[in-house]
Amino acid sequence: MKRRVLFLCTGNSARSQMAEGWLRALGGDVYEVASAGTRPSAVHPLAIEVMGERGIDLSAHRSKSVADFEGADFDLVITVCDAARDSCPFFPGKRRLHWSLADPAAVGGDMATRLEVFRRTRDEIEALVRDLIERDRNEELRSI
């Protein structure tokens, strides 16, 4: 049975979209993954670009509202920004994690600066997702 994971952030435009992309790419058939926002907007073009640099295509992703998942059953809900953690709806009996990630879309400057910030966020999320997968594998082995 697949483990159902929901990534939440405010706009569902960058951080949660990148996290969804990473877990889909690295998690194999073990996970069913979704992402949503408390105030959805649109997938940020720079999130699409920097994930594409690593071979993960977000171009078909769309921003979704957390309300779209009302009543859905998730094994794990991960908030990836402080605002989403504070306004996250209650998912009864489910494990919650919080990853406090700065919003790369909030950084100004020239394109090179903005791309670098998005790349750092992408790489930070990759490390967190890899750690999540490893911890899940270790918990699975302990339960055998």
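If you're wondering where the values come from, they're calculated on a predicted model, not measured in any experiment.

(A) A look at the overall build of the protein. Tallying secondary structure elements over the protein gives four helices and four strands in all. Taken across its 144 residues, the protein has 46% of its residues classed as buried. A separation threshold of at least 6 residues defines the contact pool for the protein, and within that pool the share at least 24 residues apart is 71%. Accessible area of the protein: about 7400 Å², with a carbon and sulfur share of 50%.

(B) View of the packing of aromatic side chains. This structure, assessed with the given rule, holds two aromatic pairs. An angle of 45° between the planes, with centres 5.8 Å apart, marks the rings of Phe 7 and Trp 99 as tilted. On the criterion of sequence distance, the pair formed by Phe 7 in strand E1 (residues 3-9) and Trp 99 in the loop between strand E4 (95-98) and helix H4 (111-142) is long-range, its members being 92 residues apart. Neither Phe 7 nor Trp 99 differs from the other in exposure class; each is buried.

How each quantity is defined
- The numbering scheme is per chain: residues are counted from 1 as the chain's sequence reads.
- Since the coordinates come from a predicted model, pLDDT governs what is reported: local features require at least 70, and pairs of side-chain atoms require 80 or more to be given and counted, while whole-chain, interface and lining totals use all residues.
- With hydrogens and water excluded, all non-hydrogen atoms of the structure serve as input to the side-chain values.
- Put simply, DSSP H or I for four residues or longer makes a helix, DSSP E for two residues or longer makes a strand, and each gets a number counted from the N terminus.
- Accessibility here uses a 1.4 Å probe with only protein chains present; expressed as a share of the type maximum, an area under 20% marks a residue as buried, one over 50% as exposed, and anything in between as partly exposed.
- Only heavy atoms enter the contact rule, under which two residues are in contact if any of them lie within 4.5 Å.
- The protein chains shown are the only cover counted for residues, whose accessible areas, like all others here, come from Shrake-Rupley with a 1.4 Å probe.
- Any pair of Phe, Tyr and Trp rings, taking the six-membered ring for Trp, is counted once the centres come within 6.5 Å. Such a pair is stacked with planes under 30 degrees apart, edge-to-face with planes over 60 apart, and tilted for the rest.

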